[in-house]
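# Descriptive structure summary
So you can see what is in the structure, the chains are spelled out below.
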Amino acid sequence: LSQPLGTEKFDAPLVISQILLIQAGGYISLIFFLIFFDSLFGAKIHIGQLFYYRTFSIFYSTRGIPTLLSWVFTGVVLGVLLFLVVRRSKMCFDFTVTFYFFHIVLSILFGGFPLYWEWYFIMGLTSVGMYFIGHAACWIRESRAIALAQKNSNGGPVYTTDLNMDSDDVEDQKLD
């Protein structure tokens, strides 16, 4: 039996698998976009572009613009992943913060504490984009009308989304 909305029990394996899916999907899409934009701009692909903050500099690095563009497009992909994996608008913020928390920790471990403003700007921009895309898409899905079943004169179901219609209105609408 399905439980009423809001009474679900916490499902740790589900949440962990969702976190892992979003982390993996985010980094896979980032690698894809890095390969694409590095080849487009003629820059050499480097593993440091994933976690090293110095690759974000548009002034000191030839990898700056490809890295920035890759992160912007990855933010959009992450928003879509929130919609597909998390499926609840109220949980989008939590998963966005979780993704970027792990990314910041990995970045600090890999290249030290980020010192470039470009890194902070792109992380902020992509996290906001990820959240709003995922939240808006989930909210639109959650706001759709729910089809309600009613019985027609033959005893068969007639589905409607208008809560103000009675069975006679449904029969009239069916004949039109």
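Conventions and cut-offs
- Each chain has its residues counted from 1, running along the sequence as written.
- Per-residue local features are limited, in this predicted model, to residues with pLDDT of at least 70; the limit for side-chain atom pairs, both in listing and counting, is 80 or more; totals at the level of whole chains, interfaces and linings are taken over all residues.
- Side-chain descriptors were evaluated using all non-hydrogen atoms of the structure, hydrogens and water having been removed beforehand.
- The set of buried Ala, Val, Leu, Ile, Met, Phe, Trp, Tyr and Cys residues whose side-chain atoms join them within 4.5 Å is what this entry labels a nonpolar core.
- Relative accessibility under 20% of the residue-type maximum defines a buried residue, over 50% an exposed one, and the middle range a partly exposed one, all with a 1.4 Å probe and only protein chains included.
- Runs of E in the DSSP output that reach at least two residues are strands. Runs of H or I that reach at least four are helices, and both are numbered from the N terminus.
- For this analysis, residues touch if any pair of their heavy atoms sits within 4.5 Å.
- To obtain each axis, a line is fitted to C-alpha atoms, and for helices this fit is confined to the stretch in contact; angles are then taken between N-to-C directions over 0 to 180 degrees.
- Convention used here: angles under 35 degrees read as roughly parallel, angles over 145 as roughly antiparallel, angles from 65 to 115 as roughly perpendicular, and any remaining angle as oblique.
- Crossing handedness is defined as follows: a turn of the near helix away from the far one that is anticlockwise and smaller than a right angle gives a left-handed crossing, while the clockwise case is right-handed.
- The nonpolar class holds Ala, Val, Leu, Ile, Met, Phe, Trp, Tyr, Cys and Pro. Asp, Glu, Lys and Arg form the charged class, and all remaining residues, Gly among them, are polar.
- Criterion for a salt bridge: a side-chain nitrogen of Lys or Arg within 4 Å of a carboxyl oxygen of Asp or Glu.

## Structural notes on the nonpolar core
Ile22, Trp71 and Phe99 are the most contacted members of the largest nonpolar core, which has 25 residues in total. Every element with two or more residues in this core is listed here: helix H1 (12-41), helix H2 (48-51), helix H3 (64-86), helix H4 (92-111) and helix H5 (117-143). With seven residues, H3 is the single largest residue contributor to this core. Ignoring sequence-local partners within four residues, the contact set of isoleucine 22 consists of Leu78, Leu81, Leu82, Val85, Val86, Phe95, Phe99 and Met130.

## Quick notes on the packing of H4 against H5
Remark: H4 packs on H5, axes separated minimally by 9 Å, with the N-to-C direction vectors making an angle of 155°. Taken as axis vectors, H4 and H5 run roughly antiparallel relative to one another. Pair H4 / H5 crosses with right-handed handedness. From H4, Cys92, Phe93, Phe95, Thr96, Phe99, Tyr100, His103, Ile104 and Ser107 reach across to H5, where they touch Trp119, Met123, Thr126, Ser127, Met130, Tyr131, Gly134, His135 and Cys138. Per-class residue counts for the contact of H4 with H5 are 11 nonpolar, seven polar and no charged.

## What about the pattern of salt bridges?
Taken as a whole and judged by the stated rule, the model has one salt bridge. For arginine 88, the salt bridge is made with glutamate 142, and the minimal N-O distance between the two is 3.7 Å. With a gap of 54 residues between them, arginine 88 in the loop between H3 and H4 and glutamate 142 in helix H5 connect regions that are remote in the sequence.

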